[in-house]
Amino acid sequence: METTLCSSCSFSVTYAPRHQLHPKRCSAVAANGGGFRGDGKRATGLFGRRCALASSLSLVSGMVLGSPGDGSAVTQGLLAGRIPGLSEPDENGWRQYRRPDDKSGGHGVGWSPIIPYSFKVPDGWQEVPVSIADLGGTEIDLRFASSKEGRLFVIVAPVRRFADIEGEAEIELIGPPDKVISAFGPEVIGENVEGKVLSMEVAEHSGRKYYQFELEPPHVLITATAAGNRLYLFNVTGSGLQWKRHYKDLKQIADSFRVV
């Protein structure tokens, strides 16, 4: 493992050796961005996620929400691939998705199972298959889409790839909202987020804090939190027309994200 100290901050970033960073490349990441685009696909170019983290703030950034719990308490079986997790529509025509306890997915030997998360979508949204060959990378845990309204994807990544945090991770330990979006916004839109953040809020549910952001074109709503030893990014996006016609529903989807 290698640790990089941020010259303008009081914390350090630790990242896995399999992603070695060139210092000159990292110093330029703030101007170039990198990582996942708004469609959840990995942006090509010089700067990957580890650079976005190490030099954009060298802070550590994170995501996901829910009730207090330890990842070790979650059981995970060997069931692979897509697993139905959608409830029947409620009286308003909305369905809840909950990540199945036995859904496969993780980050190799030594990592605890992923703590389940949930969110709500209008009837008509469907899960989109994600494979290990997904262009978004292995940290894309789930995709959903509606041809009418838009799409969403969930990034789940080990905290220790980005931050030297022991025990239960909390988004507050990773950094304040402005630092988190500066580091992880490029993960989603594929470019620097400076001047693109329209709103920034902090919500709390069952004792866990969630950072919520809205970015201008490419339109995207991002919910970030941390749970167990994972970072979570819940991203809801759509075309300009979808955004204009269905913003209310897209915002409701983004606000519904929880770690359960």
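Here the structure is a predicted model, which means the values were calculated and not measured. (Residues numbered from 1 in each chain as written. Predicted model: local features only at pLDDT ≥ 70, side-chain atom pairs only at ≥ 80, totals over all residues. Heavy atoms only, no water.)

Taken in spatial order, the 3 strands make up an open sheet running β5-β6-β14, and their pairing is antiparallel. Only two strands of the sheet have a single neighbouring strand rather than two, namely β5 (94–98) and β14 (258–259). In this structure, β5 lies alongside strand β6 (residues 117–122), joined through 5 bridges in antiparallel fashion. Within the sheet, the bridge partner assigned to R95 lies in β6 and is V121. Sheet strands in contact with helix α6 (residues 240–255) are β5, β6 and β14, and its direction is about 165 degrees off that of β6. (Pairing = 2+ DSSP bridges. Helix = DSSP H or I, 4+ residues; strand = E, 2+ residues; numbered from the N terminus. Contact = heavy atoms within 4.5 Å. Axes fitted to C-alpha atoms, helices over the stretch in contact; angles between N-to-C directions.)

Let us now look at α6. A maximum bend of about 85 degrees is found in α6 at H246. Within the sequence span of α6, burial applies to Q242, W243, H246, L250, I253 and A254. (Bend = angle between axes of the 7 residues up to and from the residue. Buried < 20%, exposed > 50% of the residue type's maximum accessible area, 1.4 Å probe, protein only.)

Turning our attention to the side chain of Q212. Note that Q212 resides in strand β11 (residues 208–215). Here the side chain of Q212 touches D255 through a polar contact of 3.4 Å, side chain to side chain. (Polar contact = N/O pair within 3.5 Å; in protein donor to acceptor, adjacent residues only side chain to side chain.)

Moving on: the sheet that holds β11. Read from one edge of the open sheet, 7 strands run β7-β8-β9-β13-β12-β11-β10, paired in antiparallel fashion. On the outer flanks of this sheet lie β7 (126–128) and β10 (197–205), each paired with one strand and no other. In this sheet, adjacent strand axes meet at a mean angle of 20 degrees when their direction is disregarded. Two elements, β10 and β11, share 8 bridges in a ladder whose sense is antiparallel. Residue pairing in the sheet places V202 in a bridge with Y211 of β11. Each of β9 (150–158), β10, β11, β12 (220–227) and β13 (230–237) is contacted by helix α5 (residues 177–189), which is oriented at about 60 degrees to β11, the strand it contacts most. The sheet strands contacting α6 are β8 (140–146), β9, β11, β12 and β13, and the helix crosses β13 at an angle near 155 degrees.

If you walk through the whole model with that rule in mind, you get 6 salt bridges. Linking R99 and D141 is a salt bridge whose minimum nitrogen-to-oxygen distance equals 2.8 Å. One end of the pair, R99, is in the loop between β5 and β6; the other, D141, is in strand β8, and 42 residues separate them in sequence. Across the pair, D141 and R99 agree in class, each one buried. K251 is the salt-bridge partner of D255, the closest N and O atoms lying 2.9 Å from each other. On the criterion of helical spacing, the pair formed by D255 and K251 is a turn pair, its members being 4 residues apart in helix α6. The exposure class of D255 is partly exposed, given its relative accessible area of 27%. (Salt bridge = Lys/Arg side-chain N within 4 Å of Asp/Glu carboxyl O.)

Looking at the secondary structure, you find W125 in the loop between β6 and β7. Not counting residues within four places of it along the chain, the set of residues in contact with W125 comprises L86, F144, A145, S146, E149, G150, R151, L152, L250 and I253.

We now examine the packing of aromatic side chains. For the structure shown, the criterion picks out 9 aromatic pairs. Look at Y211 and F213: their rings are 6.5 Å apart centre to centre, the planes differ by 80 degrees, and that puts the pair in the edge-to-face class. Just as Y211 is buried, F213 falls in that class too. Considering the side-chain rings of W243 and Y247, the 5.5 Å spacing of their centres and the 65 degrees angle between planes classify their relative orientation as edge-to-face. Placement of both W243 and Y247 in helix α6 is noted, with a separation of 4 residues, approximately one turn of the helix. (Phe/Tyr/Trp six-rings, centres within 6.5 Å; stacked < 30°, edge-to-face > 60°.)

For α5, which comprises 13 residues, the first-to-last C-alpha distance of 17 Å matches the rise-based estimate of 18 Å (1.5 Å per residue) to within 8%. Most of α5 is tucked away, with 10 of its 13 residues classed as buried. Looking at α5, one finds that the buried residues are P177, V180, I181, A183, F184, G185, P186, E187, V188 and I189. Following α5 by one or two positions, G190 has its phi on the positive side, about 80 degrees. (Expected span 1.5 Å × (residues − 1).)

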